[in-house]
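# Structure at a glance
What follows is the residue order along each chain.
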Amino acid sequence: MTAIQRHNGLAEKVYEALLAQLMGLKIAPGARITVDNLVRELQVSHTPIREALGRLEGEGLVVKTHLIGYSAAPQISRRQFDELYELRLLLEPDSARRAAEAMTGERLEALRDLADMMSGGSDEDARRRYSAFARQDAVFHDRILEFAGNELIRHTLAHQHTHFHIFRLMFHARVTEEALTEHQALLDAFTSADGAAAKAAMHDHIARSRQRLLPAFDL
């Protein structure tokens, strides 16, 4: 990691730097995260580092243990992976259907803007792009759940920190490239307010995502 320049929003910059390392697997699942080491590496004080670690803990990517300190969250198990995708396949396709049926021009534009952000190029390094994609993908899916109108389902999936955990399984361009094509199929269905097509596109997207990431358990 390179030193971070001091300016406003320092905690946000520290958060972004640590998130990129966690998502890109430079900080391995289960590895200790030592605040003093981060102070030296990033050349910032303890305060923004602790703020960033607290935020990452809330997102399920960092674990704080009493009298021990911080560590990267362990990788999800194959069983947790299967259960997570079973939950998504039960909840998200029908939510996409309901979102399509309740679609408005303003909502569609918001989803298109998010899709454009994910497909846009960047001069940032690959790990930062990957972590940014994971975060934007999480927002994209969350907005669809919001538009579907069931807050219990939305909060249930948000609590699982789904996107951070699944994107951390494999640092590979294919994970993002194929997702973009699948997102476009969703947008096409939303554009035509076709509930059945949106449900099918979301089911296909989640099922393909599962297949893309299964090889991570063979490593």
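See the structure above.
Residues numbered from 1 in each chain as written. Predicted model: local features only at pLDDT ≥ 70, side-chain atom pairs only at ≥ 80, totals over all residues. Heavy atoms only, no water.

### Here's the deal with the environment of His-163
Under the convention used in this document: Secondary structure counts use DSSP, requiring at least four H or I residues in a row for a helix and at least two E residues in a row for a strand, with both numbered from the N terminus. It only takes one pair of heavy atoms within 4.5 Å for two residues to be counted as in contact. Polar contact is defined as a pair of N or O atoms within 3.5 Å, subject to the rule that within protein one atom must be able to donate a hydrogen and the other to accept it, and that residues adjacent in sequence are counted only when both atoms are side-chain atoms.
Examined against the element boundaries, His-163 turns out to sit in helix H8 (residues 162-167). With 30 residues separating them in the primary sequence, His-163 and Phe-133 have C-alpha atoms 9.7 Å apart. Non-local contacts of His-163, meaning those with residues more than four positions away in its chain, are made with Met-23, Arg-88, Ala-134, Asp-137, Ala-138 and His-141. At a separation of 2.8 Å, a polar atom in the side chain of His-163 contacts the side chain of Asp-137.

### Observations regarding the nonpolar core
Put simply, the rule reads: Here the nonpolar core consists of buried residues drawn from Ala, Val, Leu, Ile, Met, Phe, Trp, Tyr and Cys, with membership extended through side-chain atoms lying within 4.5 Å. The rule is simple: take the accessible area with a 1.4 Å probe, protein chains only, and divide by the maximum for that residue type; under 20% is buried, over 50% is exposed, in between is partly exposed.
Residues Ile-33, Leu-53 and Phe-190 are the most contacted members of the largest nonpolar core, which totals 60 residues. Ignoring any residue separated from it by four or fewer positions in sequence, one finds Ile-33 in contact with Leu-22, Ile-27, Leu-38, Leu-53, Val-62, Tyr-70, Ser-71 and Ala-72.

### Focus on the pattern of salt bridges
Which entries qualify depends on this criterion: Any carboxyl oxygen of Asp or Glu within 4 Å of a side-chain nitrogen of Lys or Arg constitutes a salt bridge here.
Per the counting criterion, the structure on display carries 17 salt bridges. Across the pair Glu-182 and Arg-212 runs a salt bridge whose closest N-O atoms are separated by 2.7 Å. Taken together, the positions of Glu-182 in helix H9 (residues 173-191) and Arg-212 in helix H10 (residues 195-213) put the pair 30 residues apart, joining distant regions of the chain. Taking the relative accessible area as the measure of exposure, Glu-182 reaches 8% and is therefore buried.

### Examining the packing of helix H4 (residues 78-101) against helix H6 (residues 126-148)
Rule in force here: Each axis is a line fitted through C-alpha atoms, taken for helices only over the stretch in contact, and angles between the N-to-C directions span 0 to 180 degrees. By definition, any crossing whose near helix is turned counterclockwise from its far helix by less than a right angle is left-handed, and any crossing with a clockwise turn is right-handed. Residues are grouped as follows: Ala, Val, Leu, Ile, Met, Phe, Trp, Tyr, Cys and Pro are nonpolar; Asp, Glu, Lys and Arg are charged; all remaining types, including Gly, are polar.
At a minimum axis distance of 8 Å, the contact between H4 and H6 shows a crossing angle of 65 degrees. As for how H4 packs across H6, the hand of that crossing is left-handed. Residues Arg-88, Glu-92, Ser-95, Ala-96, Arg-98 and Ala-99 of H4 form the contact with H6, whose own contacting residues are His-141, Ile-144, Leu-145, Phe-147 and Ala-148. Of the residues that constitute the contact of H4 with H6, the class distribution is 6 nonpolar, 2 polar and 3 charged.

### Details of the sheet that holds strand E3 (residues 69-72)
Inclusion rule: Two strands pair under a simple rule: DSSP has to find at least two bridges between them.
If you trace the 3 strands from one edge of the open sheet to the other, you get E1-E3-E2, paired in antiparallel fashion. Two strands close off the open sheet at either side, each with one partner strand: strand E1 (32-33) and strand E2 (62-65). Taken together, the 4 bridges between E2 and E3 define a ladder with antiparallel strand orientation. Residue pairing across strands places Val-63 opposite Ser-71, the latter belonging to E3.

### Quick word on unusual backbone geometry
Notably, His-161 is not glycine yet its phi reads approximately 50 degrees, a positive angle. On the secondary structure map, His-161 appears in the loop between helix H7 (151-159) and H8. A positive phi is found at Ala-193, a non-glycine position, where the angle reads about 55 degrees. Within the element layout of this structure, Ala-193 appears in the loop between H9 and H10.

No statement about biological role is implied by the geometric values presented.
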